[in-house]
Amino acid sequence: MNDVQELSRVSGMELTTAHSNVRGAELIPHWSNEHGCLCSHDHWILRYVYENQRWSKVCRLPPSEKTLTARLRDGLARSWVRTRFFPGPGLENVACLDAQTTLIIHDRVYLHRVGREGMQAKALPWKGSRPLYTPLTDGIAVHPVSKKAYFGEYLNGRKLGVRIYCVDAQTESVQVCWTFSGNDAKHVHAVHYDRFRNRLWVCTGDLDHESVIYFTDDEFVSLKRFGGGDQSWRAIALLFDESGVEWGMDAGKDAPAETINRIYRHDFATGQRTERAVIGNPAYAACDLNDGTAVMATNFEPGRRQDTPEEVALWHRGPDGMWRKVMSMPHMHRPRKGQGAYGQLLLPRGVSPQGHVLVTPINTRDHHYHLLDIPLPSPQPNWRC
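Structure report, in brief. Predicted model only: the values in this text are computed from it and were never measured.

Re the overall build of the chain
The number of helices and strands found in the chain is 3 helices and 30 strands. Expressed as lengths along the three principal axes of its C-alpha atoms, the size of the chain is roughly 60 × 50 × 40 Å. The 385 residues of the chain split such that 56% are buried. Restricting the contact set of the chain to residue pairs at least 6 apart, pairs at least 24 apart contribute 49%. As displayed, the chain offers around 16,800 Å² of accessible surface, 51% of which is attributable to carbon and sulfur atoms. One way to put it: in the chain the 46 positive side-chain charges average out to a point 5 Å from where the 43 negative ones average out.

Okay, here's the thing in structure tokens:
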């Protein structure tokens with residue numbers, strides 16, 4: 001019995017590989033390269049290898065404290081009965097700093113380095129004057145030159161001044177590297193790394209004046225405004241290439257009825273912004289493929305004012321640069337502690353192999369919280385569940 005089979009036995013995790021695009025239950029994809037993907041199951045981080053569809057354990061979050069009571073409480077929470085019949089929402093933020101180092105942001109900031117911490121990740125100290133607030137799902141950027149990670153606070157209903165944090169694995173420190181005033185941004189949607197310009201980008205929201213895309217070329221010594229001022233600049237998902245940047249709008253249920261979400265492209269040579277597709281619902285995530293194509297996921301927010309389909313959808317940008325909807329799933333709220341009613345398609349950050357991408361639907365009629373390996377044939381049919 002290998003380590004993942006043993007984990008499956010004690011946790012109730014279901015893993016499948018043969019003759020199906022379902023790769024397992026209660027699995028969330030987080031960080032991908034063309035070889036494999038970091039996924040989470042409950043408090044475990046696993047690595048999935050695309051070529052042979054095999055799984056291996058990477059690490060797990062430790063108990064909240066080192067006391068016997070905390071270890072017993074954690075043991076009960078991680079038991080197969082609890083995770084099988086009373087699952088939680090899962091982890092939201094996992095990133096790969098390098099081949100040996102994994103970053104997890106949950107109740108605290110954790111690091112795991114292969115061969116140094118055993119199987120348990122290590123919590124980093126936080127010495128700020130107020131609590132550290134976590135980012136939106138997989139809103140972490142990793143700068144491959146400095147090996148530092150960056151993320152912004154996702155706050156609702158607080159005018160505290162929104163902060164961006166830097167995680168330095170070498171010094172095992174977490175520090176604030178930028179602060180927006182309470183009037184400039186309600187929260188940070190995501191931080192992205194642009195490998196074509198060695199640049200970090202920041203997306204903020206949600207009101208018109210708060211909906212801005214920024215960039216920094218010096219890792220937050222300075223921050224420059226790229227564009228903003230209306231809902232067309234309200235974004236979470238950004239994609240970069242040699243000549244431009246593309247983003248999907250994130251105009252949610254608080255936006256006016258006439259604000260239908262679109263994908264925009266900015267060409268750096270001409271300075272022109274063009275509309276590339278009408279996607280209807282807000283775009284929450286995007287992922288490049290290693291052949292130059294890309295995917296973007298739209299979610300569904302119940303109560304929205306816009307006349308849009310009650311579905312989540314996967315959009316694919318083909319070799320011709322055109323966006324097409326290649327998969328959709330009807331929304332269905334499936335109540336779960338710690339999880340809201342929004343329909344979601346969770347994608348990994350990074351790069352996926354050409355022709356397919358890992359996706360976990362949430363609050364959908366079918367495949368709720370199941371990891372799917374979605375084929376992307378060309379030409380693309382409209383694949384429905």
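Following the structure, the description resumes.
What about the nonpolar core?
Core analysis: the biggest nonpolar cluster contains 28 residues, and I45, L103, I104, V109, F151 and V167 have the highest contact counts within it. At the level of elements, β5 (54-60), β6 (93-98), β7 (101-105), β8 (109-113), β11 (148-152) and β12 (163-168) are the ones that each hand at least two residues to this core. In terms of residue count, β6 provides more of this core than any other element does, 4 residues in total. Ignoring anything within four residues of it in the chain, the contact list for I45 reads L38, C39, S40, K57, V58, C59, L91, V94, T102 and I104.

Concerning unusual backbone geometry
Most peptide bonds take the trans configuration, and most residues that are not glycine carry a negative phi. For the bond running from G205 to D206, omega is 20°, close enough to zero to count as cis. Note on placement: D206 falls in the loop between β15 (199-205) and β16 (212-216). You will see that Q53, though not glycine, has its phi angle at about 60°, which is positive. Overall, Q53 belongs to the partly exposed group, its relative accessible area being 26%. Here D138, not a glycine, exhibits a phi torsion of approximately 50°, which is positive. Following the sequence through the fold, D138 ends up in the loop between β9 (122-123) and β10 (141-143).

Details of the sheet that holds β7
Strand order across the open sheet formed by 4 strands is β6-β7-β8-β9, with antiparallel pairing between neighbours. What marks the edges here is a single partner per strand, and that holds for β6 and β9. Pairing of β6 with β7, which is carried by 5 bridges, proceeds in the antiparallel orientation. Bridging across to β7, N93 finds its partner in I105.

Points about a nonpolar patch on the surface
Taken together, the side chains of W80, V81, F85 and F86 make up a nonpolar region of the molecular surface, amounting to roughly 430 Å² of accessible area. Examined against the element boundaries, F85 turns out to sit in helix α3 (residues 80-85).

Notes on the sheet that holds strand β19 (residues 244-249)
On the basis of which strands lie adjacent, the open sheet formed by 4 strands has the order β18-β19-β20-β21 and antiparallel pairing. Edge positions in the sheet fall to β18 (235-240) and β21 (273-280), since each has one partner strand and no second. Averaged over all neighbouring strand pairs, the angle between strand axes comes to 20°, with direction disregarded. Here strand β20 (residues 261-267) pairs with β21 via 6 bridges, running antiparallel.

Digging into the pairing of strand β22 (residues 283-289)
The element β22 is largely enclosed, with a buried count of 6 among its 7 residues. The pairing of β22 with strand β23 (residues 294-298) spans 5 bridges and is classified as antiparallel. The partner of D288 across the bridge, within β23, is A294. The antiparallel hairpin formed by β22 and β23 contains 4 residues in its connecting segment, where G292 sits at a positive phi of about 95°. In this structure, β22 lies alongside strand β27 (residues 349-352), joined through 2 bridges in parallel fashion. Residue pairing in the sheet places D288 in a bridge with V351 of β27.

Here's the deal with the side chain of R199
With respect to the secondary-structure elements, R199 resides in strand β15. Engagement of the side chain of R199 in a polar contact is seen with the side chain of D217, the distance being 2.7 Å. When neighbours within four sequence positions are excluded, R199 is seen to be in contact with H192, Y193, D194, F215, T216, D217 and F268.

What about the pattern of salt bridges?
With the rule as written, the count across this model stands at 22 salt bridges. Close ionic contact of R130 with E153 constitutes a salt bridge, the shortest N to O distance being 3.3 Å. Placement of the pair is R130 in the loop between β9 and β10 and E153 in the loop between β11 and β12, with a sequence separation of 23 residues. One salt bridge connects E246 with R265, and the closest N-O pair in it is separated by 2.8 Å.

Side note on the environment of M327
If you trace the backbone, M327 turns up in strand β25 (residues 323-330). For M327, a relative accessible area of 0% puts it in the buried group.

A short note on the packing of aromatic side chains
With the rule as written, the count across this model stands at 15 aromatic pairs. Taking 5.8 Å as the distance between ring centres and 85° as the angle between the ring planes, the aromatic pair formed by Y48 and Y50 counts as edge-to-face. Both residues of the pair, Y48 and Y50, count as buried. Look at Y48 and W55: their rings are 4.8 Å apart centre to centre, the planes differ by 45°, and that puts the pair in the tilted class.

Thresholds applied
- Position numbers for residues start from 1 in each chain and track the written sequence from start to end.
- Owing to the predicted nature of the model, reporting of local features is limited to residues with pLDDT of at least 70; listing and counting of side-chain atom pairs is limited to 80 or more, with chain, interface and lining totals taken over all residues.
- Only hydrogens and water are set aside; all other atoms, that is, all heavy atoms of the structure, feed into the side-chain values.
- Each helix is a run of H or I in the DSSP string that is no shorter than four residues. Each strand is a run of E no shorter than two, and both are numbered from the N terminus.
- A 1.4 Å probe rolled over the protein chains alone gives each residue an accessible area, and that area as a share of the maximum for its type sets the label: buried under 20%, exposed over 50%, partly exposed in between.
- It only takes one pair of heavy atoms within 4.5 Å for two residues to be counted as in contact.
- Computed by Shrake-Rupley with a 1.4 Å probe, the accessible areas treat only the displayed protein chains as cover when residues are assessed.
- Charge counting follows a simple rule: Lys and Arg are positive, Asp and Glu are negative, and His as well as the terminal groups are ignored.
- All charge positions are set by atom: Lys at NZ, Arg at CZ, Asp at CG, Glu at CD.
- We call a set of buried Ala, Val, Leu, Ile, Met, Phe, Trp, Tyr and Cys residues a nonpolar core when their side-chain atoms join them within 4.5 Å.
- Pairs of strands are assigned from DSSP output, requiring at least two bridges between the strands.
- Every patch collects residues that have over 30% relative accessible area and no salt bridge, joining them within 9 Å if they carry like charges and within 5 Å if they are nonpolar side chains (Val, Leu, Ile, Met, Phe, Trp, Tyr).
- A pairing counts as a salt bridge when a side-chain nitrogen of Lys or Arg comes within 4 Å of a carboxyl oxygen of Asp or Glu.
- Geometry is summarised by axes, namely lines fitted to C-alpha atoms with helices restricted to the contacting stretch, and by angles between N-to-C directions that run from 0 to 180 degrees.
- We define a polar contact as two N or O atoms separated by no more than 3.5 Å, with the added condition that, inside protein, one atom must be a possible hydrogen donor and the other a possible acceptor, whereas residues neighbouring each other in sequence contribute only through side-chain atom pairs.
- Pairing of aromatic side chains requires ring centres within 6.5 Å, counting the rings of Phe and Tyr and the six-membered ring of Trp. Pairs whose planes differ by under 30 degrees are stacked, by over 60 edge-to-face, and all others tilted.

Nothing here speaks to function; it is geometry throughout.
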